[in-house]
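# Descriptive structure summary
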Amino acid sequence: MAQQSTIPAFCLEYWQNKAVEWGQATTLASQQDVCLHLQQLKDFLQQIFQKLQHMNTTAAIKTFPLVGQLLGRLCWNPCVVADEESQRTLLQCLWCLYSAEPQNAIELKANDWIQERVMFQRSREG
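Presented here is a report on the structure given in the accompanying data block. Note that the structure is predicted; figures quoted are calculated from it, not measured.

### Structural notes on the packing of aromatic side chains
For the coordinates displayed, the defined rule picks out four aromatic pairs. Plain terms: the ring middles of tryptophan 15 and tryptophan 22 are 6.2 Å apart, the flat faces sit at 55° to each other, and that makes the pair tilted. On the basis of relative accessible area, tryptophan 22 is assigned to the buried category, the value being 3%. For the pair tryptophan 95 and tyrosine 98, a centre-to-centre distance of 5.1 Å together with 75° between the ring planes defines the contact as edge-to-face.

### Some points on the packing of helix 2 (residues 28–52) against helix 6 (residues 84–96)
When two helices pack together, their arrangement is given by the angle between the helix axes and the distance between those axes. It is the contact of helix 2 with helix 6, at a shortest axis distance of 9 Å, that shows an interaxial angle of 25°. Accordingly, the angle class assigned to the pair helix 2 and helix 6 is roughly parallel. When the axes of helix 2 and helix 6 are compared, the crossing they make is left-handed. Residues Leu38, Lys42, Leu45, Gln46, Ile48, Phe49 and Leu52 of helix 2 touch helix 6, and the partners they reach there are Glu85, Ser86, Thr89, Gln92, Cys93 and Cys96. Class assignment for the residues of the contact of helix 2 with helix 6 results in seven nonpolar, four polar and two charged.

Cut-offs and rules
Residues numbered from 1 in each chain as written. Predicted model: local features only at pLDDT ≥ 70, side-chain atom pairs only at ≥ 80, totals over all residues. Heavy atoms only, no water. Phe/Tyr/Trp six-rings, centres within 6.5 Å; stacked < 30°, edge-to-face > 60°. Buried < 20%, exposed > 50% of the residue type's maximum accessible area, 1.4 Å probe, protein only. Axes fitted to C-alpha atoms, helices over the stretch in contact; angles between N-to-C directions. Helix = DSSP H or I, 4+ residues; strand = E, 2+ residues; numbered from the N terminus. Parallel < 35°, antiparallel > 145°, perpendicular 65-115°, else oblique. Left-handed = near helix turned anticlockwise from the far one by under 90°. Contact = heavy atoms within 4.5 Å. Nonpolar A, V, L, I, M, F, W, Y, C, P; charged D, E, K, R; others polar.

Below, the structure written as structure tokens:
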């Protein structure tokens, strides 16, 4: 049986819904839920990274239309970015979406957005 080439849409939607539910993890309940699901989230981000590193930005956004929203929401979650492994994988996913030589408006917009996210992450580190 051939291995599936994409992450099932329901997984991406599940994590998107979780990220929306968690918000910026300002309540004890949301922080506890992030901690409860953090290992599964890290595994999922690793799967996403494995797929994204073999795609260009335009293909990645067409294949995973919610991936930018998901990564963006996770960047704002202090419980997610406080974990070194999840922060590293999150940034790796972002860099996979970065185009060294943007070819269209989608890639230009993605680059601007990624630069903002990375600069924000760097400013939080000190």
